[in-house]
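Fold and contact review
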Amino acid sequence: MELSIFLSQVIGIYLVLIGLICVIRRKMMMAAIADMISNRGLIYLIAILELLAGIALVVSHNVWVWDTAVIITIVGWLMLIEALAYLVLPYRTVARIFRAFNRKSWYVGGGILSVVLGLYLAGVGFGLI
């Protein structure tokens with residue numbers, strides 16, 4: 001349970017911050033992703049790092065109990081699956097996926113969802129909820 005609390009705190013704070021950045025600085029983020037699409041090496045590096053983080057979460061916290069802990073487990077599995085997709089799918093397909101999601105509506109909607117989920121996780125992690 002201590003690991004779940006720690007991960008709720010860390011992932012919660014991360015989601016709040018990245019969600020706010022997506023909403024407030026979406027133009028900068030969209031430009032950065034557009035630049036990243038043309039850089040295969042950067043996509044590969046990000047996928048390797050995401051794979052490592054996903055494996056670490058799945059191995060250390062594979063808890064399928066219906067409470068806050070399952071959210072952390074699902075985040076880990078989604079990271080693992082996304083990283084594998086970036087590494088296995090052809091570059092054209094990955095670039096097409098990046099372009100499809102690099103839209104204002106995704107940054108606003110995803111940012112708000114990220115902030116809400118992050119506040120919930122951080123609230124649970126810090127004993128506020």
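Overview of the structure. (Residues numbered from 1 in each chain as written. Predicted model: local features only at pLDDT ≥ 70, side-chain atom pairs only at ≥ 80, totals over all residues. Heavy atoms only, no water.)

**Section: the overall build of the protein chain**
What counts, and what does not: Segments assigned H or I by DSSP are reported as helices when at least four residues long, segments assigned E as strands when at least two residues long, and all are numbered from the N terminus. Three exposure classes are used, based on accessible area relative to the maximum for each residue type with a 1.4 Å probe and protein chains only: buried under 20%, partly exposed in between, and exposed over 50%. We call two residues in contact whenever any of their non-hydrogen atoms come within 4.5 Å of each other. Here the Shrake-Rupley method, with its probe set to 1.4 Å, supplies the accessible areas, and only the displayed protein chains count as covering residues. In summary, the charge assignment counts Lys and Arg as positive and Asp and Glu as negative, without counting His or the chain termini. Throughout, a charge is located at the NZ atom of Lys, the CZ atom of Arg, the CG atom of Asp or the CD atom of Glu.
A tally of helices and strands in the protein chain yields 6 helices and 0 strands. Put simply, the protein chain runs from its N terminus to its C terminus through helices and strands in the order α-α-α-α-α-α. Seen along its three principal axes, the alpha-carbon backbone of the protein chain occupies a region of about 45 × 30 × 20 Å. For the protein chain, buried positions account for 34% of its 129 residues. Within the protein chain, contacts between residues separated by at least 24 positions form 72% of all contacts whose residues are at least 6 apart in sequence. On the protein chain, roughly 8,100 Å² of surface is accessible, and the fraction owed to carbon and sulfur atoms is 74%. Taking the 9 positively charged and 5 negatively charged side chains of the protein chain as two groups, their mean positions are separated by 22 Å.

**Topic: the nonpolar core**
Our working definition: In this text, buried Ala, Val, Leu, Ile, Met, Phe, Trp, Tyr and Cys residues form a nonpolar core when linked through side-chain atoms within 4.5 Å.
Core analysis: the largest hydrophobic core is formed by 12 residues, namely Cys22, Met29, Ile33, Met36, Ile37, Ile43, Ala47, Tyr86, Val94, Ala95, Phe98 and Tyr107. Those elements that provide at least two residues to this core are α2 (26–37), α3 (40–60) and α5 (91–101). Here the element with the most residues in this core is α2; it accounts for 4 residues.

**Notes on the layout of surface pockets**
We apply this condition: Detection works on a 1 Å grid of protein atoms alone, calling trapped sets that fit a 1.4 Å probe cavities and calling open sets with protein on both sides within 12 Å along at least five of seven lines pockets, with lining residues defined by an atom within 4 Å of a point. Grid points are joined across faces, edges and corners, and a volume is the space filled by probe spheres set on the points. When residues are grouped by polarity, Ala, Val, Leu, Ile, Met, Phe, Trp, Tyr, Cys and Pro land in nonpolar, Asp, Glu, Lys and Arg in charged, and all others, Gly among them, in polar.
Put simply, the largest pocket is a space of about 1,500 Å³. As for the largest pocket, its lining consists of 30 residues, of which Tyr14, Ile18, Glu50, Glu82 and Tyr86 are closest to the centre. Taken together, the elements giving at least two residues each to the lining of the largest pocket come down to α1 (2–24), α2, α3, α4 (68–88), α5 and α6 (104–125). In terms of residue class, the lining of the largest pocket is built from 24 nonpolar, 4 polar and 2 charged.

**What to know about the side chain of Ser4**
By the element assignment, Ser4 lies in helix α1. Residues contacting Ser4, with those up to four places away along its chain left out, are His61, Ala69 and Ile72.

**Observations concerning the packing of aromatic side chains**
The geometry of an aromatic ring pair comes down to the distance between the two centres and the angle between the two planes. Our working definition: Centres within 6.5 Å are what make two rings of Phe, Tyr or Trp a pair, Trp counting through its six-membered ring; a difference in plane orientation under 30 degrees is then read as stacked, over 60 as edge-to-face, and the rest as tilted. Here, a charge over a ring is recorded when the distance from Lys NZ or Arg CZ to the ring centre is within 6 Å and its angle to the ring normal is within 35 degrees.
Tallying each qualifying case throughout the model produces 2 aromatic pairs. Aromatic pair Tyr86 and Phe98: ring centres 5.2 Å apart, planes at 35°, arrangement tilted. Of this pair, Tyr86 sits in helix α4 while Phe98 is found in helix α5, placing the two residues 12 residues apart along the sequence. Assessed through its relative accessible area of 17%, Tyr86 is described here as buried. Judged by its relative accessible area of 11%, Phe98 falls in the buried class. Arg40 extends its terminal NZ or CZ atom over the ring of Tyr91, reaching a point 4.0 Å from the ring centre.

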